2 protein chains.
Amino acid sequence: MEFKISKELIQELELLIQNKNDKQLEVLLNDMHHADIAEILDELDFNEATYIFKVLDSDKTAEILLELEDDLRENILSRLSAKEIAEELDELETNDAADIIGELSQDLKAEVISELQDVEHAKDIVDLLRYDEETAGGIMHKELVKVNENWNVLTCVKEMRMQAENISRVHSIYVVDDEDRLKGRLSLKDLLTTSSRTAISDVYIRKLNSVKVDTEDVEVARIMQKYDLEAIPVVDELGRLVGRITIDDILDVIKEEADQDYQLAAGISQDVEADDSILEHTKARLPWLVLALLGGFVSVRVLGLFEGAMEEHGKLFFFTPLIAAMAGNVGVQSSAIIVQGLANNTLSGSLFNRLVKEVSLSLLNGVILAIILFLGSHFLLNVEFIIGIIVTIALISVIIIASLIGTFIPLLLDKFGIDPALATGPFITTSNDICGILIYFSIAKLILGF
Amino acid sequence: MEFKISKELIQELELLIQNKNDKQLEVLLNDMHHADIAEILDELDFNEATYIFKVLDSDKTAEILLELEDDLRENILSRLSAKEIAEELDELETNDAADIIGELSQDLKAEVISELQDVEHAKDIVDLLRYDEETAGGIMHKELVKVNENWNVLTCVKEMRMQAENISRVHSIYVVDDEDRLKGRLSLKDLLTTSSRTAISDVYIRKLNSVKVDTEDVEVARIMQKYDLEAIPVVDELGRLVGRITIDDILDVIKEEADQDYQLAAGISQDVEADDSILEHTKARLPWLVLALLGGFVSVRVLGLFEGAMEEHGKLFFFTPLIAAMAGNVGVQSSAIIVQGLANNTLSGSLFNRLVKEVSLSLLNGVILAIILFLGSHFLLNVEFIIGIIVTIALISVIIIASLIGTFIPLLLDKFGIDPALATGPFITTSNDICGILIYFSIAKLILGF
């Protein structure tokens, strides 16, 4: 059932391209799903990909365009005229077309829009361009089926057939009044099972969820997931139906959000992919590394404070990376749990209870780890008894403090409206490194008195 | 439009429960969405939540049950008899019912099943219990609309109306032969626009994606996303239609997968939530901390190798946490990009090219960071010139090696069929810490000759 690209297929295609055997190329590719063709084009070089792209029909290439990797799409679009791009967009759903136009340069944008053939479609696309990408308006599409509350079922079915032609999935039929204000919905199923003379106003469901054009996309995702919706209508400030968001749009939002959180946790601050340019990667990664480096400066200064210990108790310095690493790891664990709890809305109970729980948990972990460390320091690392005692006490203290910091910081960020996912990366590890080292040497100084 | 729990509402409910005012409770809650009620119950204590649960009708409570947090659901189920649980399950879709039964003890399971009233429904549920949770069989449900290829449109619509009664979303109508083997599909829209005497075999679409019962759930998610499907039929070994998976089931798979990757990156190895027990958290977190601790032992030994430097060049030891932290951070960044690329299937090109790119990237980052470090060591940290030179050279080398390790390890794990997400947590930071320190002191030794 599943499609897999083979080396043989790629070679065959390359040969056909060399021989400019367009007919055979069409035969080979026409039966394939556009997502599969996109996968193939991503494997070929730019020239070959563009060649195939120009051989295929625009109803197919339009869909392929959407599935391509960013740089290949950019490259192919740069080799098309405004008119050719417009032809592709005429085949696409409004929000997909708007997304592609959004990627074009300002000049080209205007030119492409003026070349769009279907005026209604063009109007819808231009309308969508107005909204911020990360709002309901930015992810909705204009394709939907709507009927007037004053019609009867028969008119409704007729109208619906016409409207539904351009729509791949109907989901719900929205009911509006004469002013286009959203009043309720009808299900296809209801329509199938109701007599044709019934008035729409007698059968439609008046209760339905909707979102405003300026609702944040993640909020829309939350609502649709919570209420298990497959589509949600979008209304403007006056309550007029302006678009619809379907669950596959939301899937993208959820994946992007998860990817971003994952990257933030790893200290990558923009949404970059493996195949983006070195410059983009540097922009996303360097700031966090600079932060970590500056944190490193502080740790050097902190260690400098305890220089006095070096002569007599030099071995203490062997344990700094161990203590710092444990502090960092514990902090990241605690903050990850909080960040995820905040994202999934599963945190309940008071801050105090949460901190108490985190302390108990880290006490339990800390004691187990401390026993291993104590035994290890004695039998594996052969350090003096007193140093073993010091690192053991330090480890427990550091684990408790690190978990408190890890719990507290994301909650604090969230309170101030900052994305708490920022906290789980280098930010937590760096601050916990410093705290950990400070605690460790303070305990050592207290016990050894250097 | 959006529901928010207020303190006043909670207080009102608590008062009504105290006064055992069941009528008023019903009035207050009956109009609410089950997802909202579940949110409210999560805020109340167990006794209050159970009280409300028993007041409401089973068609409402069944849906609420699905939305509750795990521990509250467990608690409520433990206070219900087998018969009462069966009543709830009779109201649910097959896969939801099977999920809940899966959480029960072996004895209770059998008892609950024997109490199910709807025999067909019970059969379907028992059938679903056979499949592994992480396969298509484990996430599919039995609710679907199917018609025989030998029928005409009229029979089909009649049959469909009957079947569709229990199904919230029809999506596609599947066409099977006399042996129940999946042959193709019909869309509701087609049915609406075709004359009623047409034979089904003349109108149905023969090409459709399907998955086998034993296909992995993440693979199903990948296929449905790639081909932009809202539902996919599931067939058994003989090609017989046994179930259907809809996009909302897949949403859960995707979210779980993302949550797991995120947690793995933070060194948490099981799927735990903030509100799980301390024991569960310890089980998920402790193994990684032990690993990090053992890595710490190695770093202590490595530092011990360079004890000779302590007397004359003690300041070198002040920089170990800085070098270790940079190595860890760079490694995590590189591995996160690879892990995500593997998960999203966006890695293209050869391993060699990827490593070359990663080296160029880290060279760029490394040089910038090294300049900052060199200036900082001179002006902020006041260390000798030669130490500044050593840490600067060490930093560049460490960054390059760390990024190579971060790139290579997840690719290697993936090659051997191990989840590469394992690599981005403590595993990478720990191994990079050790390598970083080793490289740093080796360079110092080479230059200073201690």
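Residues numbered from 1 in each chain as written. Chains lettered and ligands numbered in written order. Predicted model: local features only at pLDDT ≥ 70, side-chain atom pairs only at ≥ 80, totals over all residues. Heavy atoms only, no water.

Our working rule: UniProt positions are given in the numbering used here, feature names are shortened, and annotations may be inferred rather than shown by experiment.
Looking at an unreviewed UniProt entry, one finds chain A named Magnesium transporter MgtE, with Flavobacterium pygoscelis as its source organism. Its UniProt record, at the heading Subunit (unreviewed entry), says of chain A: "Homodimer." Listed in UniProt under the heading Sequence similarities (unreviewed entry), the comment for chain A reads: "Belongs to the SLC41A transporter family."

## Some thoughts on the overall build of chain A
For clarity, the threshold we go by: Strands here mean DSSP runs of E at least two residues long; helices mean DSSP runs of H or I at least four residues long; both are numbered from the N terminus. Only C-alpha atoms enter the radius of gyration, while the globule expectation follows 2.2 Å times N to the 0.38, with N the number of residues. Partly exposed describes any residue whose relative accessible area lies between the buried limit of under 20% and the exposed limit of over 50%, with all areas from a 1.4 Å probe on protein chains only and scaled to the type maximum. Contacts are assigned to residue pairs that have any heavy atoms within 4.5 Å of one another. The accessible surface values rely on the Shrake-Rupley method and a 1.4 Å probe; as for residues, cover is taken only from the protein chains in view. Working convention for charge: Lys and Arg count positive, Asp and Glu count negative, and His plus the chain ends are omitted. Just so you know, the charge point we use is NZ for Lys, CZ for Arg, CG for Asp and CD for Glu.
Looking only at helices and strands, chain A has 22 helices and six strands in total. Here the C-alpha radius of gyration of chain A, 30 Å, is well above what a compact globule of 450 residues would show, namely 22 Å. The principal-axis extent of the C-alpha atoms belonging to chain A is close to 90 × 65 × 45 Å. Split into buried and exposed, the 450 residues of chain A put 54% on the buried side. If you take every contact in chain A between residues at least 6 apart in sequence, the share linking residues at least 24 apart comes to 65%. Element-wise, carbon and sulfur atoms account for 53% of the exposed surface of chain A, whose accessible area totals about 20000 Å². Of note, chain A has its 38 positive side-chain charges centred 7 Å away from the centre of its 78 negative side-chain charges.

## Brief notes about the relation of the copies chain A and chain B
Let me state the cut-off plainly: Our superposition of the copies is a least-squares fit, built on the C-alpha atoms of residues whose pLDDT is at least 70 in both.
Mapping chain A onto chain B is achieved by rotating through 180 degrees and translating by 0.0 Å along the same axis, at an RMSD of 0.1 Å. Considering both components of the superposition, the chain copies are consistent with a two-fold axis.

## A look at unusual backbone geometry
A positive phi angle, close to 75 degrees, is found at Asp180(A), a residue other than glycine. Mapping Asp180(A) onto the fold places it in the loop between strand E2 (172–176) and strand E3 (182–187). Although it is not a glycine, Lys20(B) adopts a positive phi angle of roughly 50 degrees. Relative to the helices and strands, Lys20(B) resides in the loop between helix H1 (7–18) and helix H2 (22–30).

## Overview of the confidence of the model for chain A
Selection rule: A residue's pLDDT is the confidence the predictor assigns to it, expressed on a 0 to 100 scale.
Summing up the model confidence of chain A, the mean pLDDT is 88 and the portion of residues at 70 or higher is 98%. No element of chain A has a lower mean pLDDT than helix H13 (residues 188–192) of chain A, at 71, and none a higher one than strand E4 (residues 211–212) of chain A, at 96.

## Some thoughts on the packing of aromatic side chains
The test is simple: By convention, a stacked pair of Phe, Tyr or Trp rings (six-membered ring in the case of Trp) has centres within 6.5 Å and planes under 30 degrees apart, an edge-to-face pair has planes over 60 apart, and any other such pair is tilted. Note on criteria: charge over ring means Lys NZ or Arg CZ within 6 Å of the ring centre, with the direction from the centre no more than 35 degrees off the ring normal.
Summed over all chains, the structure comprises 10 aromatic pairs over all chains. Look at Phe306(A) and Phe441(A): their rings are 5.2 Å apart centre to centre, the planes differ by 25 degrees, and that puts the pair in the stacked class. Here Phe306(A) is found in the loop between helix H17 (278–305) and helix H18 (310–313), whereas its partner Phe441(A) is found in helix H22 (residues 426–448), with 135 residues between them in sequence. The two residues Phe306(A) and Phe441(A) agree in class, both being buried. Measuring from ring centre to ring centre gives 4.9 Å for Phe317(B) and Phe441(B), while their planes differ by 45 degrees; the resulting arrangement is tilted. In this pair, Phe317(B) is assigned in the loop between helix H18 (310–313) and helix H19 (320–344) and Phe441(B) in helix H22 (residues 426–448), connecting sequence segments 124 residues apart. Taking relative accessible area as the criterion, Phe317(B) reaches 0% and is therefore assigned buried. In textbook terms, an aromatic cluster arises when at least three aromatic residues are bridged by ring pairs, as seen for Phe306(A), Phe317(A), Tyr440(A), Phe441(A) and Phe318(B). Lying across the ring of Tyr204(A), Arg206(A) places its NZ or CZ 4.2 Å from the centre.

## Overview of the pairing of strand E5 (residues 231–235) of chain B
Residue and element names in this part refer to chain B. Selection criterion: For two strands to be treated as a pair, DSSP must find at least two bridges joining them.
With five of five residues buried, E5 lies mostly within the body of the structure. The alternating pattern of E5 places Ala231, Pro233 and Val235 on one face and Ile232 and Val234 on the opposite face, and all of these are buried. Taken together, the two bridges between strand E4 (residues 211–212) and E5 define a ladder with parallel strand orientation. Considered in E5, the bridge of Val211 is made with Val234. Bridge count between E5 and strand E6 (residues 241–246): five bridges; the pairing is antiparallel. Across the sheet, residue Pro233 finds its bridge partner in E6, namely Arg244. Counting the residues that bridge the hairpin from E5 to E6 gives five residues, and of these Gly239 lies at a positive phi of roughly 80 degrees.

## As for the nonpolar core
Operational definition: For our purposes a nonpolar core is just a set of buried Ala, Val, Leu, Ile, Met, Phe, Trp, Tyr and Cys residues, chained together by side-chain atoms within 4.5 Å.
Of all hydrophobic cores here, the largest spans 126 residues; its most connected members are Leu41(A), Ile245(A), Leu41(B) and Ile245(B). Those residues within four positions of Leu41(A) in sequence are excluded, and the remaining contacts are Ala49(A), Ile52(A), Phe53(A), Ile64(A), Leu68(A) and Leu72(A). Of all hydrophobic cores here, the second largest spans 80 residues; its members include Val300(B), Ala309(B), Val391(B) and Ala394(B).

## Regarding the interface of chain A and chain B
Which entries qualify depends on this criterion: Defined here as a combined quantity, buried area equals the accessible surface (1.4 Å probe) lost by two parts on assembly, summed across both. Each reported salt bridge corresponds to a side-chain nitrogen of Lys or Arg within 4 Å of a carboxyl oxygen of Asp or Glu.
Counting residues at the interface gives 117 residues for chain A, matched by 118 residues for chain B. Summed over both sides, the interface of chain A with chain B buries roughly 10700 Å², with 62% coming from carbon and sulfur. When residues of chain A are sorted by the area they lose upon contact with chain B, Leu192(A), Tyr262(A) and Phe318(A) head the list and together hold 8% of the total. For the interface between chain A and chain B, the tally reads six salt bridges.

## Section: a nonpolar patch on the surface
Residues and elements named next belong to chain A. To keep it simple, the criterion reads: Residues with no salt bridge and a relative accessible area higher than 30% make up the patches, which join like charges within 9 Å and nonpolar side chains (Val, Leu, Ile, Met, Phe, Trp, Tyr) within 5 Å.
Among the surface-exposed residues, Leu363, Val367, Ile371, Leu375, Phe379 and Leu380 lie close enough to one another that they form a single nonpolar patch of about 570 Å² accessible area. With respect to the helices, strands and loops of the structure, Leu363 is situated in helix H20 (residues 351–379). The class of Leu363 is partly exposed, set by a relative accessible area of 40%.

## Describing the sheet that holds strand E6 (residues 241–246) of chain A
Residues and elements named next belong to chain A. The cut-off we apply is this: Axes, fitted as lines to C-alpha atoms, cover a helix only where it is in contact. Angles between the N-to-C directions of the axes lie from 0 to 180 degrees.
Overall, mixed pairing links the three strands, which are arranged E4-E5-E6 in an open sheet. The sheet terminates laterally at E4 and E6, the two strands that pair on one side only. This element, helix H15 (residues 217–226), spans E4, strand E5 (231–235) and E6 of the sheet and lies at about 135 degrees to E5.

## Observations concerning the domain arrangement of chain A
In many reports, interface size means the accessible area that the parts give up when they come together. To keep it simple, the criterion reads: Note: domain ranges come from an automatic or database domain assignment.
Here the domain parsing of chain A yields domain 1 (7–134), domain 2 (145–250) and domain 3 (278–448). Distance between the C-alpha centres of domain 2 of chain A and domain 3 of chain A: 52 Å.

## Structural notes on H17(A)
Our working definition: In this scheme, a helix's expected span is set at 1.5 Å multiplied by one less than its residue total. Bend angle per residue: angle between axes fitted to the 7 residues ending at that residue and the 7 residues starting there.
Here H17(A) contains 28 residues, and its C-alpha end-to-end distance of 39 Å stays within 8% of the 40 Å for a straight helix at 1.5 Å per residue. For H17(A), the principal kink sits at Arg285(A) and spans about 35 degrees; a proline, Pro287(A), occurs within the next four residues.

## Let's talk about the side chain of Glu230(A)
In this fold, Glu230(A) is placed in the loop between H15 and E5. Given the relative accessible area of 5%, Glu230(A) is considered buried. In this structure, Glu230(A) is in contact with His171(A), Met224(A), Ile245(A), Thr246(A), Ile247(A), Arg169(B), His171(B), Ile247(B) and Asp248(B), ignoring residues within four places of it in sequence.

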